[in-house]
Amino acid sequence: MSNPASIPTEAANRIKLVIFDVDGVLTEAGIFVGSTMDGEHLELKRFDIQDGVGLKMLIWAGLKVALVTGRPSQATAIRAQELGVECHQVVDARKLPVVKDLIEKHAVDWEEVAMLADDIPDLSVLRRVGLKAAVLNATEPVLDIADWVALRPGGRGAAREFCDALLRARSQLDDVIETYVEERSQP
Ligand SMILES: [Mg+2]
């Protein structure tokens, strides 16, 4: 399944920082909530392995990657650590201040930032970035302003689809894959 909608080359080439929301983007729009026998709160999330490879591919292509979530969770911290990406977990979905700090830290402009989003907690940031992307099952206010929409829902390959589309538009996709395979083809 390939998305007929490509990301415009000009917009793709400008991007230096890619922000991913977590719940509903890197996961399905659902969480597993429970507790241990000791009564300790437990929250589990299901992350897609191919999405994870996609995020790594962005890094290999020289892009900065950050997770920004409005729902703090240990599961998210563990996944971010596994992937080696920075992760900002803010309370009450107040994402804009943390993204402003990120932009300053990485010395980029709003036009050089892309975001993959799914719902209204993302809008304060999404409205400002240069490349607005949405998962298939994003809510209407997000879809209304999206420059690009995945054919897959959040947590089911949308992030990988976005990573591939971004790298393809930047003419980096084949190189990233070939470098990866080449490095693993040595005896
Ligand atoms: Mg979300």
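Computed from a predicted model, the values in this text were never measured in an experiment. Position numbers for residues start from 1 in each chain and track the written sequence from start to end. In view of the model being predicted, local features appear only for residues whose pLDDT reaches at least 70, and side-chain atom pairs are presented and counted only at 80 or more, with totals across whole chains, interfaces and linings using the full set of residues. Water and hydrogen atoms play no part in the side-chain values, which are based on all heavy atoms of the structure.

(A) Looking closely at the pattern of salt bridges. Any carboxyl oxygen of Asp or Glu within 4 Å of a side-chain nitrogen of Lys or Arg constitutes a salt bridge here. Per the counting criterion, the structure on display carries 15 salt bridges. Notably, a salt bridge pairs Lys 45 with Asp 23, separated by 2.6 Å at the nearest N-O pair. Highlighted residues: Lys 45 in the loop between β3 (41–44) and α2 (49–60) and Asp 23 in the loop between β1 (17–20) and β2 (32–35), separated in sequence by 22 residues. Since its relative accessible area comes to 12%, Lys 45 is described here as buried. Residue Asp 23 is classed as buried on the basis of its relative accessible area of 19%. The shortest N-O distance in the salt bridge between Glu 43 and Arg 71 comes to 2.7 Å. Of this pair, Glu 43 sits in strand β3 while Arg 71 sits in the loop between β4 (64–69) and α3 (74–83); the two residues are 28 residues apart in sequence, bridging distant segments of the chain. By relative accessible area, Arg 71 is classed as partly exposed at 35%. We count a stretch as a helix when DSSP gives it H or I for four or more residues in a row; a strand needs E for two or more, and each element gets its number in order from the N terminus. Burial here depends on accessible area, computed with a 1.4 Å probe over protein chains only, as a share of the maximum for the residue type. Under 20% is buried, over 50% is exposed, and the range in between is partly exposed.

(B) Fine view of the packing of aromatic side chains. Any Phe, Tyr or Trp ring, taking Trp's six-membered ring, that has another such ring centre within 6.5 Å forms a pair; planes under 30 degrees apart are called stacked, those over 60 apart edge-to-face, and the others tilted. Counted according to the given criterion, the structure contains three aromatic pairs. Aromatic pair Phe 20 and Phe 162: ring centres 6.3 Å apart, planes at 75°, arrangement edge-to-face. Taken together, the residues Phe 20 in strand β1 and Phe 162 in helix α7 (residues 158–169) connect sequence positions 142 residues apart. Pairwise contacts between aromatic rings join Phe 20, Trp 148 and Phe 162 into one cluster.

(C) The arrangement of helix α4 (residues 95–105) in detail. Buried within α4 we find Lys 95, Leu 96, Val 98, Val 99, Leu 102 and Ile 103. Each buried residue of α4 lies within a common arc of 165° when the element is viewed along its axis, so the set occupies one face. Structural note: α4 exposes Asp 101, Glu 104 and Lys 105 on the side pointing more than 90 degrees away from its buried face. Any pair of residues with heavy atoms lying within 4.5 Å of one another is described as a contacting pair. Against β1, β4, β5 (86–89), β6 (113–117) and α5 (123–126) lie the buried residues of α4. Once α4 finishes, Ala 107 follows within two positions and takes phi at roughly 50°, a positive value. What the arc measures is the spread of directions leading from the helix axis to the C-beta atoms.

So yeah, pure geometry; function would need other evidence.
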